[in-house]
Amino acid sequence: MAASPSDVPAIEAIDLVRTYRTHTGVLRRRPMTVEAVRGISFEVRPGELFGLLGPNGAGKTTTIKMLITLLLPTSGTARVMGFDVVTETNAVRQRIGYVFGGDRGLYDRVSGIDNLRYFAELYGVEPSEQKRRIASLLELVGLTGRENEKVEGYSRGMRQRLHIARGLLHDPEVIFMDEPSIGLDPVGARELRQTVRSMVDAGKTVLLTTHYMFEADALCDRIAVINAGRIVALGTGSDLKDAIADRTIVEIETFGVADEAVERLRADDEVNAVNMEERDQSQILLVQSHRGAHITQRLLSLLGDTRVGKVVAREPTLEDAYVHLIATTGDDEARSARAASVQ
Amino acid sequence: MSAGRSTRLIWFVTWFNVRMLLASEFFILLTFISPLIFATLGFFLFRSGGGTAGQTLLYVALGAGMMGVWSTTLFGCGGAIAWQRWEGTLELLVNAPSRYDFILVGQTFGAVVFGFYGIVATLAWGVLLFGMPIQATYPLLLPLSLLAAVVSLGSLGMLIATTFVLYRHANALGNLLEYPIWLITGLLVPVATLPIWIQPVSWLLAPTWGMEAIRGAAIGADPPILAIVMCFALAVAYYVAARIALVYVLAKARRDATLSLQ
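Quick notes on the rules
Residues numbered from 1 in each chain as written. Chains lettered and ligands numbered in written order. Predicted model: local features only at pLDDT ≥ 70, side-chain atom pairs only at ≥ 80, totals over all residues. Helix = DSSP H or I, 4+ residues; strand = E, 2+ residues; numbered from the N terminus. Buried ≥ 20, exposed ≤ 12 C-beta atoms within 10 Å, placed from the backbone. Contact = placed C-beta atoms within 7 Å. Axes fitted to C-alpha atoms, helices over the stretch in contact; angles between N-to-C directions. Parallel < 35°, antiparallel > 145°, perpendicular 65-115°, else oblique. Left-handed = near helix turned anticlockwise from the far one by under 90°. Nonpolar A, V, L, I, M, F, W, Y, C, P; charged D, E, K, R; others polar. Pairing = 2+ DSSP bridges. Expected span 1.5 Å × (residues − 1). Domains from an automatic or database assignment.

So, about the overall build of chain A. Each helix and strand in chain A was counted, giving 12 helices and 15 strands. Overall, chain A is about 75 × 55 × 50 Å in size when its C-alpha atoms are taken along their principal axes. Per-residue burial for chain A yields a buried fraction of 41% across its 343 residues. Excluding contacts between residues fewer than 6 apart, the proportion of contacts in chain A whose partners are at least 24 apart in sequence is 72%.

Residues and elements named next belong to chain B. Where helix H5 (residues 100-115) contacts helix H7 (residues 141-166), the axes come no closer than 9 Å and their chain directions differ by 130°. Viewed along their axes, H5 and H7 adopt a mutual orientation that is oblique. With respect to the hand of their crossing, H5 and H7 are arranged in right-handed fashion. Between H5 and H7, the contacting residues are Leu104, Val105, Thr108, Phe109, Ala111, Val112 and Val113 on the first element and Val150, Leu153, Gly154, Gly157, Met158 and Ala161 on the second. Taken together, the residues of the contact of H5 with H7 break down into 10 nonpolar, three polar and no charged.

Where strands meet in a sheet, backbone hydrogen bonds hold them as pairs that are either parallel or antiparallel. Residue and element names in this part refer to chain A. Read from one edge to the other, the open sheet built from six strands follows the order E6-E7-E8-E3-E9-E10, with strand pairing classed as mixed. Strands with a single pairing partner mark the edges of an open sheet, and in this sheet they are strand E6 (96-100) and strand E10 (230-235). Taking each pair of neighbouring strands and ignoring which way they run, the sheet shows an average axis angle of 15°. Of the pairings in the sheet, the one linking strand E3 (residues 49-53) to strand E8 (residues 205-210) comprises five bridges and is parallel in character. Among the inter-strand pairings, leucine 49 is bridged to a residue of E8, identified as valine 206. Contacting E3, strand E7 (174-178) and E8, helix H6 (residues 186-201) crosses the sheet at an angle of about 155° to E8. The sheet strands contacting helix H11 (residues 318-328) are E3, strand E9 (222-227) and E10, and the helix crosses E9 at an angle near 35°.

Another aspect to go through is the interface of chain B and chain A. Frequently, the measure chosen for interface size is the accessible area removed from exposure when the parts meet. Contacts between chain B and chain A engage 21 residues on the former and 20 residues on the latter. Elements with a contribution of two residues or more to the side of chain B that touches chain A: helix H1 (3-22), helix H4 (90-94) and helix H11 (225-256) of chain B. With five residues, H1 of chain B is the largest single contributor of residues to the side of chain B that touches chain A. Across the side of chain B that touches chain A, the residue classes tally to 12 nonpolar, four polar and five charged.

All names here are of chain A. Running from N to C, helix H4 (residues 127-141) and helix H5 (residues 156-168) point in directions that differ by 140°, and their axes come no closer than 9 Å. Relative to H5, the crossing made by H4 is right-handed. From H4, Leu137, Leu138 and Val141 reach across to H5, where they touch Arg161, Ile164, Ala165 and Leu168. A breakdown of the residues in the contact of H4 with H5 according to their chemical character gives six nonpolar, no polar and one charged.

For helix H10 (residues 206-219) of chain B, which comprises 14 residues, the first-to-last C-alpha distance of 20 Å matches the rise-based estimate of 20 Å (1.5 Å per residue) to within 8%. Within H10 of chain B, 13 of the 14 residues are buried, which leaves the element mostly enclosed by the surrounding structure.

So, about unusual backbone geometry. Residue and element names in this part refer to chain A. Unlike most non-glycine residues, aspartate 15 shows phi in positive territory, near 55°. The topology assignment puts aspartate 15 in strand E1 (residues 11-24). For alanine 228, which is not a glycine, the phi torsion comes out positive at approximately 50°. Take alanine 228: it is sitting in the loop between E9 and E10. A residue is classified by how many C-beta atoms lie within 10 Å of it, and alanine 228, with 25 of them, is buried.

With that settled, consider the domain arrangement of chain A. In terms of domain boundaries, chain A breaks down into domain 1 (5-241) and domain 2 (246-315). A separation of 38 Å is found between the C-alpha centroids of domain 1 of chain A and domain 2 of chain A.

See below:
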């Protein structure tokens, strides 16, 4: 029996690998192969909002670029709405929209509406349909009334919303968004999340990359955590949090903590992981442990003479789960991905 | 894609590209001012050499105008690709469901048609400041010669633009191509005065025949039929070569990740 359209995954990646050839040195150039994506597999169901979460350089953008036919995979296969991204590029391109974060990807010297008209032509939107479609998208992204201004005068949030309108011009079934909230202020990021959610409510499938845990948790039905070119966890936000649900997070504010003191914490048998966030005048140590809040005194004694401020013990969040995953799939993987082979 | 849809796409891209170029101060300088500077230098050079006859001035004016057209072609075709890569729109254009060769045709002809302003400007400059007479030996062939030159330069521009899609630093090649092409295609001095070994290269280049056709219609002794035919023949050859190159270039760009700067 033939598969019905709803049986076909909106996005399907099977063991995707992508390597880049580059070189080091100026006079004595040494060829080098960098493995950006190292065997990624996942499926996204129609109508799902799927998140790819990972640090910078994890392989998120490379994965998206393979799925939207901008890059050829080195090996592996991928399909969008059942069409192969290597051999059926035009069928894929007709069904996808994509939005990259940041300032680039727009014609700055003309107005927002001119950008949309131009891309409407390129995306094959019927002339009779263009005016209505552009007006409704401007309304959707909140740019009605500003569409005749030159893009060079737009704020970053307005540019990002124009990117989204551009990506939706041809009413694509699947939308790829690569770090769409990067550089947005909190209000702009919240508006963007509402727009993304409304796209999913309208029946679109969305694949979104981000390195903001809150964004992934608030928006995504499922999340794949990617690190050093591999998926290290896949599930709902709750699934990921469950991985460290039995742990307690102790947040310790310190002032001028020495590296040796942090290493003492890391070396302790009762401590699962330690991460440090730099603030203006202080450092926040995030210590994961199975021992609950009882471990606090032990941690403080391990810090020795370090000046300590506020200490809080709390439940783990998705961010803690993410940090745990990234830390445990760690540095060795990243190093080997960056310099897979020096020939 | 239907013929009507394709024509609309090419027309729309041409119009949009003209608007984008008009918004560029560098392009305004290149297209509006530089042909006048070339023409002025040429007029004084030929005067100091004793060449005061009206036909000589017209010869110089048309050559200077065509130099501007060539510069505009290089900048408008190749430079625009480099600019698109820098502003992140090249990926969007290449990855659009429309045929990319049609997009390139629109971009190229937008630049070339606009560049032909240079010829009009230098002729007006010559008439106003140097008393140059306006004449056309074969007035009916002049529009056809201009059309032939536009089409052939546009196709050559498209062929050049395909290399710019592939290489991030191809605009350096564009700069290299400006002065040598002026020299070897008869814009400054007749091709016949060039060394024998370089002349076959000149014959393969659209500006040679475009210039020959326009000058032939304006001040030639014989109708420039051969030059017009050569313009159209070269245009077809360039377009076919560009289409073939584009298949390879786009596949290689996807393999080597050269469409963006990221």
